[in-house]
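Report on the structure
Here is what each chain is made of, one letter per residue.
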Amino acid sequence: MFNKSKSPAKPSSVPSIPPLPDMPQSPQVSQAPSAQPRQPVPSPQPQASGRNLSTLSADLQFEGNISGSGDLQVDGQIKGDVKVGRLIVGETGAIEGSVNADYVEVRGRIVGAVSGKQVKLISTAYVDGDITAEQLSIDIGAYFQGRCIQGSRNAAPAPRPSAQPAVAAQAPQPVPQADTPQRIDMSSH
């Protein structure tokens, strides 16, 4: 009675369900399962995968450190350090503490250091702390107060040159221009 393969009397009367946004749209609607696996369409904005996504809802407050390799979406408040694989701070989310994740998307508030491979500050973001990232994007309207350091989070600091012997210290040697850091003072204008 409910098996569609036996009675195809009304194939057009069944409303079709639109595909998910990350799934490709097929040109024809098929009632039988497809033998070919579907290839997901890459989305322009990385999203947290649903398999390991944990969510702290807007009405929850958490005090303490959070760590793990999964994905975390924070819509509530956290007082403590967060170290996860991927982190999304929603518009109602707030974190007071350091943040360490491969991917960090901030729509809410973070007060503390942020470290990640890819850090995105959406227009509603408020970040008060230093950001260390390989890739950083800041939308117009986002608030950011702190230092921005580009580089790997686990990179060792550059080795300092060892002290020169006393004989060489008496005769100063010119320093090549390429190794000399440049300082730009914008306060005089």
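First, a word on what this report is: a plain description of the structure on this page. Starting from 1, residues in each chain are numbered consecutively following that chain's sequence as written. Restriction of local features to residues with pLDDT of at least 70 applies here, the model being predicted, together with a cutoff of 80 or more for giving and counting side-chain atom pairs; totals for whole chains, interfaces and linings are based on all residues. Water and hydrogen atoms were dropped before computing side-chain values, which therefore reflect all heavy atoms in the structure.

**Here we look at the sheet that holds strand β13 (residues 126-128)**
Two strands are said to pair when DSSP picks up at least two bridges between them. Every helix listed is a DSSP run of H or I at least four residues long, and every strand listed is a run of E at least two residues long, numbered separately from the N terminus. Taken together, the six strands give an open sheet; going across it, the order is β2-β5-β8-β11-β13-β15, and neighbouring strands pair in parallel fashion. Of all the strands in the sheet, the pair left with one neighbour each is β2 (61-63) and β15 (143-145). For this sheet the average axis-to-axis angle between neighbouring strands, irrespective of direction, equals 5°. Between N-to-C directions, angles cover 0 to 180 degrees, with each direction set by a line fitted to C-alpha atoms, over the stretch in contact for helices.

**Regarding the packing of aromatic side chains**
By convention, a stacked pair of Phe, Tyr or Trp rings (six-membered ring in the case of Trp) has centres within 6.5 Å and planes under 30 degrees apart, an edge-to-face pair has planes over 60 apart, and any other such pair is tilted. All told, the structure shown has one aromatic pair when counted by the stated rule. Judged by centre distance (4.6 Å) and plane angle (15°), the rings of Tyr126 and Tyr143 are stacked. Here Tyr126, found in strand β13, pairs with Tyr143, found in strand β15; they are 17 residues apart in sequence, far enough to count as distant. Type-normalised accessible area, obtained with a 1.4 Å probe on protein chains alone, sets the label of each residue: buried when under 20%, exposed when over 50%, and partly exposed for intermediate values. Residue classification places Tyr126 among the partly exposed residues on the basis of a relative accessible area of 25%. For a Lys NZ or an Arg CZ to count as sitting over a ring, it must be within 6 Å of the ring centre and within 35 degrees of the ring normal. Lying over the aromatic face of Tyr126, Arg109 brings its terminal NZ or CZ to 4.2 Å of the ring centre.

**Re the pairing of strand β10 (residues 103-106)**
Of the two faces of β10, the one lined by Tyr103 and Glu105 and the one lined by Val104 and Val106 are each fully buried. Pairing of strand β7 (residues 86-89) with β10, which is carried by four bridges, proceeds in the parallel orientation. Its bridge partner being in β10, Arg86 is matched across the sheet by Tyr103. Of the strand pairs in this sheet, β10 and strand β12 (residues 114-121) are connected by four bridges, and their pairing is parallel. Within the sheet, the bridge partner assigned to Glu105 lies in β12 and is Lys120.

**Side note on the pattern of salt bridges**
Here, a salt bridge means any Lys or Arg side-chain nitrogen found within 4 Å of an Asp or Glu carboxyl oxygen. Inspection of the entire model under this criterion finds two salt bridges. With its nearest N and O atoms 2.9 Å apart, the salt bridge here joins Arg107 to Glu105. Since its relative accessible area comes to 24%, Arg107 is described here as partly exposed. The salt bridge partner of Asp130 is Arg147, with a shortest N-O separation of 2.9 Å. Linking Asp130 in the loop between β13 and β14 (131-138) with Arg147 in the loop between β15 and β16 (148-150), this pair joins segments that are 17 residues apart in sequence.

In short, geometric facts, not functional conclusions.
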